[in-house]
Amino acid sequence: MSVNELYAKYTRVWIPDPDDVWRAAEIVRDYKEGEAVLHLTLEDDTPLEYPVGPKSNPLPFLRNPDILVGENDLTALSYLHEPAVLHNLKVRFLEPNHIYTYCGIVLVAINPYEQLHIYGEEVIRAYSGQNMGDMDPHIFAVAEEAYKQMARDEKNQSIIVSGESGAGKTVSAKYAMRFFATVGGSTSDTNVEEKVLASSPIMEAIGNAKTTRNDNSSRFGKYIEIGFNQQYRIIGANMRTYLLEKSRVVFQAEDERNYHIFYQLCASASLPEYKDLCLTSAEDFTFTSMGENIFIEGVNDAADLEKTREAFTLLGIKEGNQSSIFKVIASILHLGNIEICSQRDGESCHVSRNDLHLKHFCTLLGVELKQMEHWLCHRKLVTATETYVKNMSTKQAENARDALAKHIYARMFDWIVEHINKALHTSSKQHSFIGVLDIYGFETFEVNSFEQFCINYANEKLQQQFNSHVFKLEQEEYMKEQIPWTLIDFYDNQPCIDLIEARLGILDLLDEECKVPKGTDENWAQKLYKQHSASAHFQKPRMSNVSFIIVHFADKVEYQSEGFLEKNRDTVYGEQINILKASEFQLVADLFHDKDDVAPPKSSRVNVRPAKSTPKAPNKEHKKTVGHQFRSSLHLLMETLNATTPHYVRCIKPNDLKEPFMFDSRRAVQQLRACGVLETIRISAAGYPSRWTYPDFFNRYRVLLKKSEMASADKKLVCRNLLETLIKDHDMFQFGKTKIFFRAGQVAYLEKLRADRFRSACIKIQKTVRGWLQRVRYRKVRKMAVSLQRYGRGYLARRHADLLRQTRAALLCQKQYRMVRDRRAYLRVRRAVVTIQAFTRGMFTRRIFQEFMLHHKAMLIQKVVRGWLQRRRFRRARDAAITIQCLFRRVRARRRLQQLKVEARSAERLKSLNSGMENKIVQLQRKMDDQSKELRTQNEQLLQVNNKLQKQLEQVKTQQGEAGGAGGAQVSSLQEELDRLKEELQEASAQRKRMEEEHGNEKTGLQLRVEELEKENALLKSEKEEMNHRILQQTKSFEEDSSSVSLMETSLQAELNAERQRYQNLLKQMTTVEQRYDNLKEELSMSKFQPGHRRNPSNQSSLESDSNYTSISTSELGDTEDSIQLVEEMGVEKAAMDIGLFMKLQKRVRELEQERRRLQINLDKMEELARSRGSESRSSTSEQETADLAYNNLKRQELESENKKLKKDLNELRRSISERASENDPSNELQDSYNLLLSQLRSANEELEGRKEEVLILRTQIVSAAHIRENNQPRQSSEAPEVSEDKEPVDSEEALKAYHGLCESKNTLQDWCLLDEDGELGLAYQGLKQVARLLEAQLQTQSRQHGDELEALHTQIELLRDDIEKKQEILSYTASLSPEARVEYSVQQEITRLTNDNLDLKELVEKLEKNERKLKKQLRIYMKKVQELEASQAEAQTNRSRPPLSRQVTVQRKEKDFEGMLEYYKEDEALLFKTLITDIRPNTVSATVPCLPAYILFMCIRHADYVNDDQKVESLLTSTINAIKKVLKKNNEDFEMTSFWLANTSRLLHCLKQYSGDEAFMTQNTGKQNEHCLKNFDLAEYRQVLSDLSIQIYQQLIKVAEGIIQPMIVSAMLESESIPSLAGVKTMGYRNRSSSMDVDSGGPATYTLKALIRQLGQFHGTMRDHGLDPEIVGQVVRQLFHCVNAVTLNNLLLRKDVCSWSNGMQLRYNTSQMEEWLRANNLSHSKAAETLEPIIQAAQLLQVKKKTTQDAEAICSLCSALSTQQIVKILNLYTPLNEFEERVSVSFIRSIQTRPQQRHDPPQLLMDTKHMFPVLFPYTPSALSLETLHIPASLGLDFLIRV
């Protein structure tokens, strides 16, 4: 293009400005080539004539289009020059507050002087794994690029961070190391990454100081190598330091400080551990008070010292060494305060012997005071023949003292660095490393000395390396694209480097002058003038002979030669060093010993006497000057950098005032020139800086094509033809293999052509549209005119008709109006006359009334006065009488008062508790009637039994008489014994009658007392009704608290979710610890047996720690899942109280569990004792076993029926109690009713057990006698039937004693049975005896019960009295209060009462649960005994030759079918787990019932429970859990396997709950399923373990799924064009040709939205096919949608290229497709759609209007799920894709920020992608019957036996 085309009207340019460096202007008249003036107008509309000349003043720089302003990469600008770079950086820094910008391969970082929330863990995760150009510029992107290239290219990397002091170099390097520590964290427990980060506070304390430009300036350079192993995990690190500014130890400029460590020690001097340092405030020491400002705003030096000490400890530096370090540092402060006094002659000096600081210095360093005092003021001169001691002047001594202080600090600094490197060193082999170089930038001050010379020398070397690297990359890019190009001439600073370091260069001349005995700085400067005056990079100042100028790459710098020699020599006198070497502290002595020297013994002393000895050769290290050392270390650094791939970070200081987000253009330009950014721009601009891929170029500029040209399918050919047509100069562009390369300015020209084409198209569209609009308007106007005429004529006709009607109506109205007017006038006159008459008559009447009132008032006054006189006389007489009466009545009143108080106290107590007393009385009467009926029934049964026994006795006597008189004597004695027993029985009956009579008398008395209470109750009802009325009025205020109750419920639910999430996080951490433990074991085994081999997780076993679950007891958490399930069934309102008492209930459960174990142990002991006795008696005869078996069968049947009945009654009781509790009855009726029911149940159980024992004993004896008679075996049947010792009567201690007495008396029955052939007499005798004992025990029990009931009633009466007294006091107190206070007090009392009732209900629930568990345990015990009896019965049936008697008295059992149990032998257990868990694949059981392995395992558990084999149950469950863990560890990346075992584990957990026997889990079971419940074992502990395992599997499933979809999210949601041709294309910069793109592999994979939805569908189908519960599937989908939302939003917040209107449309469409997928799969209830709300609102934010205040309000109300920080970030990133869109103004963004919003925004910008919602496994019972389950033969489980 020609100059005339470029500099046309409306073109914007940059012109120089003395204040802002560059200023924007606009051309107002076309420029023609050759004109001397360019007519411009500034931004403030000021006209300007800019002179233009071909040489002196060229044409101004052109401005870039607005669409390119604010680009992430400076090389993407069309015009590449200094003003464009400066303006782009300024716009990005001030408007959206972006501190990072790319400039080719350089990251430009501007110090914001403000803490930004862009460095959190979520930001690191967002940048990890991303290509460098895909995200916004960031230090993490550079670090990720280095890490990725190290892993891909297997080449070492370096990150070079440079910039001047205060630009933020140290912080940038720190964040880079934090990124490596997070991404490449070590797998071992050495925590190397933490040690690497811990080195930062140490190095900042000893190497950083406050300067005028920076509060935390690094005064040394450092290069940290972070080592990685073959898995690219951090294994170690190493640090190298460069050029510590030692002069700062002894001198600081104004408003500067010494190193931080000095002030940290002084700030902590008052602490006890630092008392030995003898430090005070920093103002008291010379070395810390020179800057006159010892504080830094916002910095706590004492707290920083604690952080430094923690870092020392983490790095393994012991407390003793830390103390020694602090002593050395404190000694330097004392050394600076040593006062050196001058002698009179002025040539010598001395130190006062009483100098306190000298003593502290010597004490802290452990050296001799006298020697140090001497050699601080003297020095030794060594000649060839003699050694002299020379005095030093005061100035020389002070310089020597300062040199010693600098040397001590430098040695201390090197010692700390060395030990840090030792702590970071690793013995493992380092595979690669990433180096982070934090080094000083180019410096120039008013006075520049030796330090600035070395710093600028280092920057010259780094700039040379930088230029060559940039040139190399540019060359590689052109060669890769195969385009012709010419060599680019770039600035080579090798001549400047040669000037400094070549032979006879500045450093060589400086070292040579240092060797001259009397060399001076002036002589050295003269040699420089003489040697280098001809060099182009060396100049001599005009006005100075002691300074020189070097022309560096960045600027000219004038150096003052004063001090160069002294700083280069770094002279320290050897005598002082020798004294320090002889220190009594080992660390101090080691500091000054050379590595090659042997440390002298501590007892050695330094000989300071002059002696004529051969002088020692000086140390080699002392020969090396500082310049020589720096040059050597710099060469080593450059060799390291050249061997690595460098990455550059250039830090810019925006202003010198340290103000946040203030940009000084002049300071920024200086730094941009110095750091090489502009050089990069120049190199890029010299070639082809703008690059476009062919598809992007076609999509962007296809508007410039004709329709015929677009028909070609070859896009490259189309682009080539278009460019050749538009740009005539073919050197302005080149065609590469994949890209088109443009010269600078060509993209702007193409943008201009594109804008012109759009403008012409818009004009044409406007012309056509406007014509169409005018035609439409004409037709509309014509049609409207015709309509108006038609309606107008109609209107006139209607108006005439209306006029005629109105005329007639007016006549009628006039007639009526005149009539009304005349009538109103008449009525008005009439009313006036009547009113006058009324007022006149009233006036006369009032006058008469007033006269009457005057007479009446006079009479009243007379009456009152006379009455007052009479009353006064009467009061005097009455007062005298009352005084006499009071004296007499006082005594009587006191006595009566005492009696009334007693009566009132007892009566009022009963009044308050009379509520519900009628029901209690009725219940007591019913109970007494029932007991009387039962007593009569029992007496009748007892008489019948006695009659029956009498008949049997007579039969026995008859048989005895027929048998002969041989046993006559014994029969008579037996008869006497029988009579005696009858008498005892009669006495017992009589006693029982007496007890009943006493009970009846007491009952009568209580009834009388109850009647009295009822009378008193009637008196109190009125008061109670009044109180109730008040309470009802107060309940209105309680309704207002309903909202607070709902909020409380919400908070409780939130706390429950939080607790659930914390618990699951703990499980996740436990899993991580287990995994870490396994990895350590594997590494240990590999190091022992397989050195050098990589880890193979599949062949390692890591679950030894989980191999035994027998140690698991009821934990603090209890059965969490069961409790949550009960809460869900009861509802939130009913369970709110239970949740509050959750921990209390858990404690109660533990106590009950201990009590159960104790009772179980006692029961086992009693069973063993009874079994031993029974075995002795059973060994006598087989007939005794027959009788026992008969008794056991009878009792078993009775127990089964009674257990069923008891269980039914208990369920009804619990149901009624829960219903009453839910009604929240405030009275005590619920407690009283419960106590009454409980007592009735207890008494009924005891009576039932007694009757049952009597009937069982008699029935057994009768059956045994019949059996004896049938078989005619009197000798064998002489044993009486034995009652089973294995049964214990429930809650009847006396019956138990009687039962044991029966068992013990069996051994004495043999003699009786010898006399009786049939055995009936002995049986009858024993039966009567046992019945008598049982009756006696029952009578005693009943008498005790009556006594307890009587005592309880008395106690209740006392409680009623106390309650009545309290209520009387409350009533009296309430009556004395004001109405408001009375209401408040009554409310408080009601709240107190409700609280007490609530606590009573809680205790009631605890008691019910305790009783329920007790009954369940007893039921399990009984079932176990019944099973044992059945087994023994079956064994006895097989052993006996004849059919047993039990078949005649027991119910015959049918042959059982398959009961849903599987049996296996112990040796097949390993095969079971191998077949069913280890080797099984999900596809092998895909055609069967879902969760088949879980059902099979549970059926095996059922059989182990059925046979009561606790070891088998334990082994089965433990091995199952361990095997599942091993399988999941082996397949930790397999989603299908993880889903399969999550479904089976949760199903096994549900089966354990469903068949546990707990009523809460049995409500949905069928009758058959309830029969299959576990009988013997409570597996609640294993349920908890399985619940934890399910949570771990769920977390692994989420991790696997997120790992699969995470690479797809960004491409599918943000980059793929779901709506074709919607997204625009912007220009690309240098980043798109970054080395982060893996060209060999074809670049990163791209995914579409369909691929993402297809993957989610596969996940959903897999989980559904495996039978996973729908609730869990919904939770998985919700978690995955949260991951999609978080990753998408985070990338949106970090990418400018996707924040546009078209991308917002694409994103909204994509989210709608995701929501549609949820609805199609019936997952709307899973709350997954709610997780997409932030990204939906972000898409809407990109599409809404963003201009006015109303728009800001709409955005704030619309984006409720986004934080203000996120809204502002998106608005800042919003980028228009063409000229017709506008950027969001800064004022609009500020209005969003300042708008008051009720938000609780999190501090972080990005969402947490690792956040996991708490998972809940709801109880889902299975409808499958276990007996119908079919096991396919393909599984190979033939060894399982169906039971």
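Residues numbered from 1 in each chain as written. Predicted model: local features only at pLDDT ≥ 70, side-chain atom pairs only at ≥ 80, totals over all residues. Heavy atoms only, no water.

## A short note on the packing of aromatic side chains
Selection rule: Here a Phe, Tyr or Trp ring, Trp counted by its six-membered ring, pairs with any other such ring whose centre lies within 6.5 Å, and the pair is stacked when the planes are under 30 degrees apart, edge-to-face when over 60, and tilted otherwise. Numbering of helices and strands starts at the N terminus; helices are DSSP runs of H or I of at least 4 residues and strands are runs of E of at least 2. With a 1.4 Å probe rolled over the protein chains alone, any residue whose accessible area is under 20% of its type maximum counts as buried; one over 50% counts as exposed, and the rest are partly exposed. A ring is considered to have a charge above it if a Lys NZ or an Arg CZ atom is located within 6 Å of its centre and within 35 degrees of its normal.
Counting across every chain of the model gives 34 aromatic pairs. Considering the side-chain rings of Phe538 and Phe548, the 5.9 Å spacing of their centres and the 15° angle between planes classify their relative orientation as stacked. Here Phe538, found in strand E18 (residues 538–539), pairs with Phe548, found in strand E19 (residues 547–551); they are 10 residues apart in sequence, far enough to count as distant. Note on accessibility: Phe538 and Phe548 belong to one class, buried. Members of the aromatic cluster, connected to one another through ring pairs, are Phe450, Phe453, Trp524, Tyr529, Phe538, Phe548, Tyr559 and Phe564. Directly above the ring of Phe585 sits Lys327, whose terminal nitrogen or CZ lies 5.1 Å from the centroid. Over the ring of Tyr1774 we find Lys1746; its NZ or CZ atom is 4.4 Å from the centre of that ring.

## What about the packing of helix H42 (residues 1492–1506) against helix H44 (residues 1535–1554)?
Operational definition: Inter-axis angles, ranging from 0 to 180 degrees, are taken between N-to-C directions of lines fitted to C-alpha atoms, where helices are fitted over the stretch in contact. Each crossing is labelled by how the near helix is turned from the far one, with a counterclockwise turn of less than a right angle marking it left-handed and a clockwise turn marking it right-handed. Note on definitions: a residue-residue contact is assigned when non-hydrogen atoms from the two residues lie within 4.5 Å. When residues are sorted by character, Ala, Val, Leu, Ile, Met, Phe, Trp, Tyr, Cys and Pro go into the nonpolar class, Asp, Glu, Lys and Arg into the charged class, and all the rest, Gly among them, into the polar class.
Contact geometry of H42 with H44 gives a least axis separation of 8 Å together with a crossing angle of 35°. Crossing angle aside, the handedness with which H42 passes H44 is right-handed. Within the contact between the two elements, H42 uses Leu1492, Pro1493, Ala1494, Tyr1495, Phe1498 and Ile1501 and H44 uses Phe1540, Trp1541, Asn1544, Arg1547, Leu1548, Cys1551 and Leu1552. Split into classes, the residues belonging to the contact of H42 with H44 amount to 11 nonpolar, 1 polar and 1 charged.

## Regarding unusual backbone geometry
The phi dihedral of Leu504 falls on the positive side, at around 60°, and the residue is not glycine. Look at Lys658: it is not a glycine, yet its phi comes out positive at around 60°. For Lys658, the location among the structural elements is in the loop between strand E21 (645–652) and helix H23 (665–675).

## Focus on the environment of Leu1718
Tracing the backbone shows Leu1718 in helix H49 (residues 1701–1720). The class for Leu1718 is buried, based on a relative accessible area of 3%. Leu1718 has contacts with Val1677, Phe1681, Leu1723, Ser1724, Ala1728 and Ala1729, leaving out every residue within four places of it along the chain.

## A word on the nonpolar core
Considering soluble globular proteins, one finds that nonpolar side chains tend to be buried as a cluster. Rule in force here: Throughout this description, the term nonpolar core refers to a set of buried Ala, Val, Leu, Ile, Met, Phe, Trp, Tyr and Cys residues connected via side-chain atoms within 4.5 Å.
With 319 residues, the main nonpolar core has Phe180, Ile261, Phe262, Ile408, Phe548, Leu1692 and Met1714 as its most contacted residues. Apart from the residues lying within four places of it in its own chain, the contact partners of Leu1692 are Leu1614, Val1698, Cys1699, Leu1707, Ile1735, Ala1738, Leu1742, Ile1770 and Leu1773. Listed in part, the 20 residues of the second largest apolar core include Trp692, Phe698, Leu705 and Leu723.

## Re the environment of Lys567
With respect to the helices and strands, the residue Lys567 is situated in helix H18 (residues 564–569). Here the alpha-carbon distance between Lys567 and Lys246, two residues 321 residues apart in the chain, equals 9.5 Å. Those residues in contact with Lys567, other than ones at most four positions away along the chain, are Ser449, Phe450, Glu451 and Val626.

## Some remarks on the pattern of salt bridges
Selection criterion: Put simply, a salt bridge is a Lys or Arg side-chain nitrogen that is within 4 Å of an Asp or Glu carboxyl oxygen.
Counting across every chain of the model gives 33 salt bridges. In this structure, the salt-bridge partner of Arg240 is Glu225, at a minimum N-O distance of 3.1 Å. Here Glu225 lies in strand E11 (residues 221–228) and Arg240 lies in strand E12 (residues 234–242), a separation of 15 residues in the sequence. Measuring nitrogen to oxygen at the nearest pair gives 3.5 Å for the salt bridge that ties Asp1534 to Arg1481. Taken together, the residues span a long stretch of sequence, with Asp1534 in the loop between helix H43 (1510–1530) and H44 and Arg1481 in the loop between helix H41 (1469–1478) and H42 at a distance of 53 residues. On the basis of relative accessible area, Asp1534 is assigned to the partly exposed category, the value being 23%. Taking relative accessible area as the criterion, Arg1481 reaches 36% and is therefore assigned partly exposed. Counted as one network, the salt bridges with shared partners bring together Glu164, Lys653, Asp656 and Arg667.

## Points about the pairing of strand E7 (residues 106–110)
Our working rule: At least two bridges found by DSSP between two strands is the condition for calling them paired.
Where burial is concerned, most of E7 is hidden: 5 out of the 5 residues are buried. Across 4 bridges, strand E6 (residues 100–103) lies against E7 in antiparallel orientation. Of the residues in E7, the one forming a bridge with Tyr102 is Leu107. Relative to E21, E7 runs parallel, the two being bridged by 5 bridges. Bridging across to E21, Leu107 finds its partner in Val649.

## Overview of the environment of Phe228
For Phe228, the position within the fold is in strand E11. When its relative accessible area of 0% is taken as the criterion, Phe228 is described as buried. Along the sequence, Phe228 and Ser432 sit 204 residues apart, while their C-alpha atoms lie 5.4 Å from each other. Other than its neighbours up to four places away in sequence, Phe228 contacts Tyr147, Met150, Phe180, Arg233, Ile234, Ile235, Gln430, His431, Ser432, Phe433 and Ile434.

## Brief notes about the confidence of the model for the protein
To keep things clear, this is the line we draw: The predictor rates its confidence in each residue with pLDDT, a number between 0 and 100.
Looking at the protein, the pLDDT average stands at 77 and 76% of residues meet or exceed 70. Below pLDDT 50 for its whole length, residues 1272–1320 participates in 103 contacts with residues either more than four positions away or in separate chains.

## Concerning the sheet that holds strand E4 (residues 47–51)
The 5 strands lie next to each other as E4-E3-E2-E1-E5, forming an open sheet whose pairing is antiparallel. The open sheet has two edge strands with one neighbour each: E4 and strand E5 (61–62). The sheet contact formed by strand E1 (residues 12–17) and strand E2 (residues 21–27) spans 6 bridges and is antiparallel. By the bridge assignment, Arg12 is partnered in E2 with Glu26. On top of the sheet, helix H2 (residues 82–94) reaches E1, E2 and E5; it is set at about 100° to E2, its chief contact.

## Notes on the sheet that holds strand E23 (residues 733–735)
On the basis of which strands lie adjacent, the open sheet formed by 3 strands has the order E22-E24-E23 and antiparallel pairing. Each having just a single partner strand, strand E22 (690–693) and E23 make up the two edges of the open sheet. Across this sheet, the average inter-strand angle for adjacent strands is 20°, counted without regard to direction. For E22 and strand E24 (residues 739–742), the ladder comprises 4 bridges, and the chain directions are antiparallel. Residue pairing for E24: Arg691 is matched across the bridge by Phe741. Helix-sheet contacts for helix H14 (residues 450–481) involve E22 and E24, and the interaxial angle to E24 is about 130°. Across the sheet, helix H25 (residues 694–701) is in contact with E22, E23 and E24; its angle to E22 comes to roughly 90°.

## Considerations on the side chain of Asn1685
Along the chain, the position of Asn1685 falls in helix H48 (residues 1670–1694). Its relative accessible area of 1% is what places Asn1685 among the buried residues. Here Asn1685 is in contact with Thr1731, Leu1732, Pro1734, Ile1735 and Met1807, once residues within four sequence places are set aside.

## A short note on helix H54 (residues 1786–1794)
Keep this limit in mind: Of all possible arcs, the one meant is that of the directions from the helix axis to the C-beta atoms.
When we look at burial in H54, the residues that qualify are Phe1788, Ile1789 and Ile1792. Seen from one end, H54 has its buried residues packed into an arc of 100°, which puts them on one side. Turned more than 90 degrees from where H54 packs its buried face, Ser1787 and Thr1794 sit exposed. Looking at the buried side of H54, the elements it contacts are helix H52 (1749–1758) and helix H53 (1764–1773).

## Some thoughts on the side chain of Asn1531
Within the secondary structure layout, Asn1531 lies in the loop between H43 and H44. Look at Asn1531 and you get buried, because its relative accessible area is 17%. The residues contacting Asn1531, other than those within four sequence positions of it, are Arg1481, Met1537, Thr1538 and Gln1596.

## Some details on the packing of H44 against helix H46 (residues 1580–1615)
Cut-off, in case you're wondering: By definition in this entry, angles of less than 35 degrees are roughly parallel, angles greater than 145 are roughly antiparallel, angles of 65 to 115 are roughly perpendicular, and the rest are oblique.
Orientation of H44 relative to H46, taken along the N-to-C sense of each, is 160°, at an axis distance of 9 Å. The angle between H44 and H46 places the two elements in the roughly antiparallel class. In this structure, H44 meets H46 at a crossing whose hand is left-handed. Here Phe1535, Thr1538, Ser1539, Trp1541, Leu1542, Thr1545, Ser1546, Leu1548, Leu1549, Leu1552 and Lys1553 of H44 lie close against H46, whose contacting residues are Arg1583, Leu1586, Ser1587, Leu1589, Ser1590, Ile1593, Tyr1594, Gln1596, Leu1597, Val1600, Ala1601 and Ile1604. Of the residues contributing to the contact of H44 with H46, the split by class is 14 nonpolar, 7 polar and 2 charged.

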